[in-house]
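Report on the structure
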Number of protein chains: 4
Amino acid sequence: MASEHTSNRRDSWRSKLHEIIFEADTPAGRRFDIILLWAIVVSVLAVILESVPYFSLNYGEVLWAVEWFFTILFTIEYIVRILSVKRPMNYIFSFFGLVDLLSILPSFLGLYFVDTSSLRVIRILRLMRIFRVLKLIGFLSQARTLRDALIASKQKIMVFLLAVTILVVVLGTVMYIIESPESGFTSIPRSIYWAIVTLTTVGYGDIAPVTALGQAVASLVMILGYAIIAVPTGIITSEIVRNDVTSSNTQSCPSCSREGHDDDAEFCKYCGEKL
Amino acid sequence: MASEHTSNRRDSWRSKLHEIIFEADTPAGRRFDIILLWAIVVSVLAVILESVPYFSLNYGEVLWAVEWFFTILFTIEYIVRILSVKRPMNYIFSFFGLVDLLSILPSFLGLYFVDTSSLRVIRILRLMRIFRVLKLIGFLSQARTLRDALIASKQKIMVFLLAVTILVVVLGTVMYIIESPESGFTSIPRSIYWAIVTLTTVGYGDIAPVTALGQAVASLVMILGYAIIAVPTGIITSEIVRNDVTSSNTQSCPSCSREGHDDDAEFCKYCGEKL
Amino acid sequence: MASEHTSNRRDSWRSKLHEIIFEADTPAGRRFDIILLWAIVVSVLAVILESVPYFSLNYGEVLWAVEWFFTILFTIEYIVRILSVKRPMNYIFSFFGLVDLLSILPSFLGLYFVDTSSLRVIRILRLMRIFRVLKLIGFLSQARTLRDALIASKQKIMVFLLAVTILVVVLGTVMYIIESPESGFTSIPRSIYWAIVTLTTVGYGDIAPVTALGQAVASLVMILGYAIIAVPTGIITSEIVRNDVTSSNTQSCPSCSREGHDDDAEFCKYCGEKL
Amino acid sequence: MASEHTSNRRDSWRSKLHEIIFEADTPAGRRFDIILLWAIVVSVLAVILESVPYFSLNYGEVLWAVEWFFTILFTIEYIVRILSVKRPMNYIFSFFGLVDLLSILPSFLGLYFVDTSSLRVIRILRLMRIFRVLKLIGFLSQARTLRDALIASKQKIMVFLLAVTILVVVLGTVMYIIESPESGFTSIPRSIYWAIVTLTTVGYGDIAPVTALGQAVASLVMILGYAIIAVPTGIITSEIVRNDVTSSNTQSCPSCSREGHDDDAEFCKYCGEKL
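Just so we're clear, the structure is a prediction, and the values are computed from it rather than from any experiment. (Residues numbered from 1 in each chain as written. Chains lettered and ligands numbered in written order. Predicted model: local features only at pLDDT ≥ 70, side-chain atom pairs only at ≥ 80, totals over all residues. Heavy atoms only, no water.)

**What to know about the overall build of chain A**
- Each helix and strand in chain A was counted, giving 14 helices and zero strands.
- Counting helices and strands in the order they occur from the N terminus, chain A gives α-α-α-α-α-α-α-α-α-α-α-α-α-α.
- By the burial criterion, 45% of the 275 residues in chain A qualify as buried.
- The contacts of chain A with a sequence gap of at least 6 include a subset with a gap of at least 24, amounting to 53%. (Helix = DSSP H or I, 4+ residues; strand = E, 2+ residues; numbered from the N terminus. Buried < 20%, exposed > 50% of the residue type's maximum accessible area, 1.4 Å probe, protein only. Contact = heavy atoms within 4.5 Å.)

**Some remarks on the pattern of salt bridges**
- In this structure the tally under the stated criterion is 11 salt bridges over all chains.
- Across the pair Asp100 of chain C and Arg81 of chain C runs a salt bridge, and its minimum N-O distance is 3.9 Å. With a gap of 19 residues between them, Asp100 of chain C in helix 6 (residues 95–102) and Arg81 of chain C in helix 4 (residues 60–84) connect regions that are remote in the sequence.
- Its relative accessible area of 3% is what places Asp100 of chain C among the buried residues.
- Here Arg81 of chain C falls in the buried class, since its relative accessible area comes to 1%.
- When salt bridges with common partners are traced through the structure, they connect Glu77, Arg81 and Asp100 of chain A into a single cluster. (Salt bridge = Lys/Arg side-chain N within 4 Å of Asp/Glu carboxyl O.)

**Structural notes on empty space enclosed by the protein**
- The tally for this structure, following the rule as stated, stands at two cavities of 30 Å³ or more.
- The space that makes up the largest cavity amounts to roughly 150 Å³.
- Per-class residue counts for the lining of the largest cavity are four nonpolar, eight polar and no charged.
- The space that makes up the second largest cavity amounts to roughly 30 Å³. (1 Å grid on protein atoms, 1.4 Å probe; cavity = no way out; pocket = protein on both sides within 12 Å on 5 of 7 lines; lining within 4 Å. Points joined across faces, edges and corners; volume = space filled by probe spheres on them. Nonpolar A, V, L, I, M, F, W, Y, C, P; charged D, E, K, R; others polar.)

**Quick look at the confidence of the model for chain A**
Residues and elements named next belong to chain A.
- Averaged over all residues, the pLDDT of chain A equals 78, while 76% of them reach at least 70.
- Here helix 8 (residues 117–120) is the element of chain A with the lowest mean pLDDT, 65, and helix 12 (residues 188–199) is the one with the highest, 91.
- A low-confidence stretch, residues 246–250 (pLDDT under 50), is modelled with six contacts involving residues beyond four sequence positions or located in other chains. (pLDDT = per-residue confidence, 0-100.)

**Some details on helix 13 (residues 212–228) of chain B**
- Across its 17 residues, helix 13 of chain B extends 24 Å between first and last C-alpha, which sits within 8% of the 24 Å expected from 1.5 Å per residue.
- Regarding helix 13 of chain B, the residues found buried are Gly214, Gln215, Val217, Ala218, Ser219, Val221, Met222, Ile223, Gly225, Tyr226 and Ile228 of chain B. (Expected span 1.5 Å × (residues − 1).)

**Focus on the packing of aromatic side chains**
- Following the criterion strictly, the structure yields 40 aromatic pairs over all chains and no others.
- Ring plane angle 65 degrees and centroid distance 5.3 Å describe the contact between Phe95 of chain A and Phe96 of chain A, whose orientation is recorded as edge-to-face.
- Looking at Phe95 of chain A, the relative accessible area reads 53%, which means it is exposed.
- Plain terms: the ring middles of Trp64 of chain C and Trp68 of chain C are 6.5 Å apart, the flat faces sit at 55 degrees to each other, and that makes the pair tilted. With Trp64 of chain C and Trp68 of chain C both in helix 4 and four residues apart, this pair spans about one turn of that helix.
- By relative accessible area, which is 16% here, Trp68 of chain C ends up buried.
- Ring pairs connect the aromatic residues Tyr54, Phe55 and Tyr59 of chain A, which therefore count as one cluster. (Phe/Tyr/Trp six-rings, centres within 6.5 Å; stacked < 30°, edge-to-face > 60°.)

**A short note on unusual backbone geometry**
- Although it is not a glycine, Thr201 of chain B sits at a positive phi angle of roughly 60 degrees.
- Mapped onto the secondary structure, Thr201 of chain B falls in the loop between helix 12 (188–199) and helix 13.

**Description of the environment of Ile236 of chain C**
- Tracing the backbone through its elements, the reader meets Ile236 of chain C in helix 14 (residues 230–246).
- C-alpha separation for the pair Ile236 of chain C and Ala39 of chain C, spaced 197 residues apart in sequence, amounts to 35 Å.
- Setting aside residues no more than four positions away along its own chain, Ile236 of chain C makes contact with Leu150, Ser153 and Ile157 of chain C together with Ala227, Ala230 and Val231 of chain D.

**Quick word on a nonpolar patch on the surface**
- Among the surface-exposed residues, Ile34, Trp38, Val41, Val42 and Leu45 of chain A lie close enough to one another that they form a single nonpolar patch of about 450 Å² accessible area.
- Locating Ile34 of chain A in the fold gives a position in helix 2 (residues 27–50). (Patch = residues over 30% accessible without salt bridge, like charges linked within 9 Å, V, L, I, M, F, W, Y side chains within 5 Å. Areas by Shrake-Rupley, 256 points an atom, 1.4 Å probe, with all protein chains shown as cover.)

**With respect to the packing of helix 13 (residues 212–228) of chain A against helix 12 (residues 188–199) of chain D**
- In the contact formed by helix 13 of chain A and helix 12 of chain D, the axes pass within 9 Å of each other and the chain directions differ by 25 degrees. In this view, helix 13 of chain A runs roughly parallel relative to helix 12 of chain D, as classed from their interaxial angle. In the crossing of helix 13 of chain A with helix 12 of chain D, the sense of the turn from one axis to the other is left-handed. Taken together, the residues of helix 12 of chain D that come into contact with helix 13 of chain A (itself represented by Gln215, Ala218, Ser219, Met222, Ile223 and Tyr226 of chain A) are Arg190, Tyr193, Ile196, Val197 and Leu199 of chain D.
- Taken together, the residues of the contact of helix 13 of chain A with helix 12 of chain D break down into eight nonpolar, two polar and one charged. (Axes fitted to C-alpha atoms, helices over the stretch in contact; angles between N-to-C directions. Parallel < 35°, antiparallel > 145°, perpendicular 65-115°, else oblique. Left-handed = near helix turned anticlockwise from the far one by under 90°.)

**Observations concerning the environment of Phe70 of chain D**
All names here are of chain D.
- Secondary-structure assignment places Phe70 in helix 4 (residues 60–84).
- Using a relative accessible area of 8% as the deciding quantity, one classes Phe70 as buried.
- Once residues lying within four places of it in the same chain are set aside, the contact partners of Phe70 are Ala39, Val42 and Ser43.

Encoded structure:
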C-alpha cells in the first residue's frame, strides 16, 4: 500500500517533469523551452568562436568556462530527460536522444584524449536541438506549407536531380577531353566538380576553361544552367500555388453543396445560403 | 486682437509652407519635390565622386563648393521644415527628421575635426530622403503589391531564413573539419562565410575547397543551393499571383458594400445579397 | 501620256521591289529575307573573327575579301531600298535606315583613316538588322507574350530597380567604410560595383571582403540578394500566368452567356449548349 | 514440318529473351534491368576513377580487371540483344543500338592502338543507357510533366535564347571596345564569353573589367541578367501551373469518353453530354 503510494507519487512527479521538459503547453514548459533555446545558441556561438585563433588565444579560459557550464547544464538536462520518461531506452536511442548525447560527449572525451579539436566540433550538432524546441513552441506550423510543397514535388525533384547528375557527368567528361590538365581539368571527377560549379552558376573560377573550344562548351553549359534553373523553381512554385488554392477552404454549401468558398465567406457565393 | 490677427497670419503662412514642403498636391509642392529630388541625387553623386582619388585630387575644390552649396541648401530646408510644423519636436525626432539632420551634420563637424572621411560618408544617408519625395509624389503606389507580397510571406521567409542559417552553420563546420586551413577554411566563421557564398551561388573563389572530399561536399552544397533558391521564389510568386487574382475583382456588394468577391460569385459572401 | 505611262511603269517596278525587300508575303520576299538573314550572320561572324589575332594574322585576306563582298552587297541593298520607297528621307532617318547605314559606313571610312579598329567594330550593329528580318518572317509573334508580360510589369520592375539601386549605393558605402582599400574597396563607386556583383550573385572575386566584419556584412548582402532575386521572378511569372489565363478564350455561350471556355471546347460547359 | 517446329521453338525462345531484355513487365525482366542499372553505374565509376592519377597508379590493375569484366558482360549483352530481335539491323542502327556499341568498342580499340586515353573516355556514354532502363522501369512517367512543360514552352524559350544571343554579342563587342586587352578582353569571342559568364551570373572572375567605364557597363549587364533570369523561370512555371490545373481533373465523358474537363464543368465540352 505504501509502495503503491510512493509509486503514484513518483509517477506524478515524473509526469510533471515530462510536461515541463517535453511539452510546451504549460507556462513552465514554455519558459523551459525559451531558456533551452538561448542555452543552445550561446553554447554553439562558443564552439564557433573557439575555432577562431584570435578568440582561442585571448579568451580561451572564458570559452573553456562557458563550454563546461553548458556541458554540465546539458548533462543534467540529459539525465533529467532519462528520468522523466517511462521507457528510457526508447528516448536514448531516438534521433533526438542521440543528438542530445552527441552534444555533451565530445567535451568529456576531451578530458582523456589530447588532440580532440575535430571531435569537439561535433558539439555543433547541438544546433539540431533547435528543431525540437521549435517543434514544441509551434513555430514550425508556418513551415508546413513549405514542407508539403517539397514533399509533393519530391518525385519531380528526384527526376530533375537525376537528369542534372547525368548531365554534369557527361559535360565534365567532355571538358576533360577538350581542356588540358594545366587549366585545372586534371581528372574526370574534378571536371565534374567544375561542371557542377558552372551549372549551378556558382562559378568560383579556381577551374576555368582557357581554350577557345573549352570556353565555347562552357558557354553552352552556362546558358543551359540558366535555362534549367527555372525547372525546380517552376515545380515548387506550382506546388505552393496549388496548395494555396486547394487548402483555402473545404467547406461545402448546405443548400447547393458547392465548394471553393473563401475563408471569410459567411454566405454561399453561388446560391446565397448561409454557410 | 492684433496678436490674434498676427497669429492667424503666421498660421496661414505656416500652413502654406507646410503644404509646399510636406505635401505634393499643389503645383508648388510638386515643383518643390522635383527640385529636392535632383538636389539629393546631385549631392549624393558629389559624395560618391569625392571618394575617388582622381576626382578628389583634380576637382577637389569644385566638389567642396558643390558640397557646401547643398549643405547650406539642406540646412535652410531643415530650418524651414522646423518652422512650418506645429510641433517641431515631433518632426525633429521622427525618422525623416533624424535623416534630414544626419545629412547636414557631418559637413559642419568636418570644420572642427581633421580626419572626418568616414564621418562625412554618412552624408550618403541623404539617399534615404528620396523615399520621402517618392512617397509624396505617389510613385510608390506601384510598390504596394510588392510590399504586400513580402509582408504576407514574412513568416514563411523567416522559417526559410532560419533553416538556411542552421544549414550554413552545419555545412560550414563540416567543411572546417574536412578542409585544411591552407585552402582558406581557417576557422568556423570563415567556413560559414564560404557556405553562404556557395549556397547563394555568388562564388567569389577566394575560399574554395581543394581536397577531393571537400569538393564532393561542396558539390552537394551547390546542388542544394540550386534547389532551395526555388523556395523563396515560389513563396513570393505564389503571393503575387494570389494578390493579382483577389484584387482583380473590384465589385462591391450593393447591400453591405464589402469587396473581395470572386469573379464567379453571384451572391455577396458576407451578407448573402445578390450581386 | 508617255510620261504618265513611264511613271506608272516605274511605280509598278518600285512597288514590286518594295514587296520583295520590305515584305515577306510573296515567295520572292521570303527568299530575299532568308538570304539577307544568312548574309547578316556570316558578315557578323567575319567581324568577330577579325578581332581574334590568330585569324586576322593567318586569314586576314580572306576576311578582307568577305568583308568587302558583304559591304558591297549591303551597299547595293541600301541603294535599292532607297529607290524602292516613295519617300526616301523617311526611310533614311528611320531607326532601321540608320542601322543599315551604320553597318556599311565603317568599311568605307576605313579607306581614308588608318587606325579604325574600334570604328570598324560598329559593323557588329548589323546584328540589329536580324530583328527586321524576324519581324517580317513573323517569327516574333511568339515573342508577344513575353513582351506583353514585360510591358505589363514595367512599373513594378522600375520600382524594384530603384530600390535595388538605393540598396547597392548604401551597401557599397557601408563596405567602403568597413573594408580597407587593400582588399579592393578603393572608392565608393568601386564598392557599389562590388555590391552589384554580389547582390546579383555574379561574384567575380576580384574584389572580396577580407575583414571579419566585412565578411559578415557581405553575408547579409548575399542572403538579401538570394531573397530579392525572387521578386522580379515573381512579378514576371505572375504576369505570364495571368496572360495565359485571361487570353485563353473570350467566347461566351449563346444560351447562358457565360465565359471561360477552353480553346478546344465545342459545347458550353455550364449549360451544354453548342458554342 | 520439323523446320517449322524449330522455327517456332526458336521464335518462342527469342520472344522470351526479348521480353527479359527489352521489357520490364515480368519479374525476370525487372531483375535484368536492375542488374543492368548497377553494371552501368559501376562501370562508369571505373572509367571516372581511371582518369584520376592516384587511382590509375595504385589500383590500375583492379580498374583494368573491372573494365574488362564489364566490357565482356556488355559485349555478351550486345550479342544477345542482336539475337533476340527479329530485325537486327533496325536495332544496330537505332539510337540505343549505337550507344550500346560505342560503350564497348573503345575498350577493344585500346588493344590495337597505344594512346587511346581520349578514345576510351567515350565509354562514359554508357551513362546514356540509364535512360533506357529508366524508360522500362516506368520511372520516367514522373518526368512527363517536366517534359511537357519544356516542349510547350519550346518556342518561347527559342525566342528568349535568340534575344540572349544577340544581347551577349552586342554587349561583348561593346566591352571589347571599352576594355583594354590586358584585363582579358583580347578578342570579341572572349568578350562574348565574358558576357555569357556575367549574364548567367556564373562570374568566374578570370576575365573582369578594370576600367571605371567597363565596370559601369558590367553593372548594367549584371542587373539586366538579374532581371531576365526571371523570364525562363516565368515561362516554365506558368506552363507547369497550367499543366497542373488542366491535368487535375481525370473525369471522362460518359458519351464521348474524352478527358480534360474543368473542375466546374457540368457538361462535356466536346459533345454536350451531361457529366
